Amino acid sequence: MAGAGGFVEADNAEAIIARIETKSSKIESLLKQYKPVEALKTALEGSPPKTLDERCKSANWIVVHRALMAIKDIEGMLNALDVEYYDILMKYLYRGLSTGDRPTCDQCLKIHEKLTDRAGLGCILRCLTDTINTV
């Protein structure tokens, strides 16, 4: 059942995790086919999950992280990515920076720079002020 603000209650968290696992399989398949941009698009679809359950958010982060780390051509990725995904991507970049993991932070900073050039400072502000759709 939907809780306040359209969020899914904890008893449906298992269903969300099952969808994330299905998404993860699709992403792994795309990465094996050397299609990292399509993998990132797939990872960002339906993100962030409409739940307050941290297990779901962590599972989704792992999927997005896997796709993010496979990106080599950042400009090409941004050209292929729909503008509607920019704010969501920015949220995941900040989540990546919060890990403190050096390779993850390096990749997130590279993408952050190019994304900010493309989307502007408004993307950062929307990301930081949206307290409802947290990743």
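Residues numbered from 1 in each chain as written. Predicted model: local features only at pLDDT ≥ 70, side-chain atom pairs only at ≥ 80, totals over all residues. Heavy atoms only, no water.

Undergrad: Could you give an account of the overall build of the chain, with specific residues and numbers?
TA: Helix and strand content of the chain: seven helices and zero strands. Counting from the amino terminus, the chain carries its helices and strands in the arrangement α-α-α-α-α-α-α. A globule of 135 residues ought to have a C-alpha radius of gyration of about 14 Å, and the chain, at 15 Å, matches this closely. Taking the principal axes of the C-alpha coordinates as reference, the chain spans close to 40 × 35 × 30 Å. When burial is assessed residue by residue, the chain has 41% of its 135 residues classed as buried. Residue pairs at least 24 apart in sequence account for 69% of intrachain contacts in the chain once pairs closer than 6 positions are excluded. Accessible surface, the chain as shown: approximately 7,400 Å² in total, 56% of it carbon and sulfur. With 18 positive and 19 negative side-chain charges, the chain shows a spacing of 3 Å between the two charge centroids. (Helix = DSSP H or I, 4+ residues; strand = E, 2+ residues; numbered from the N terminus. Rg over C-alpha atoms; globule rule 2.2 N^0.38 Å. Buried < 20%, exposed > 50% of the residue type's maximum accessible area, 1.4 Å probe, protein only. Contact = heavy atoms within 4.5 Å. Areas by Shrake-Rupley, 256 points an atom, 1.4 Å probe, with all protein chains shown as cover. Lys, Arg positive; Asp, Glu negative; His and termini not counted. Charge placed at Lys NZ, Arg CZ, Asp CG, Glu CD.)

Undergrad: Describe the pattern of salt bridges, and please don't skip the residues or the numbers.
TA: One pass over the structure, following the stated rule, counts eight salt bridges. Between E28 and R66 there is a salt bridge, and its shortest N-O distance comes to 3.1 Å. Of the two residues, E28 is situated in helix α1 (residues 13-32) and R66 in helix α3 (residues 54-70); the sequence distance between them amounts to 38 residues. Several salt bridges converge on common partners, so that one network encompasses E14, D53 and R55. (Salt bridge = Lys/Arg side-chain N within 4 Å of Asp/Glu carboxyl O.)

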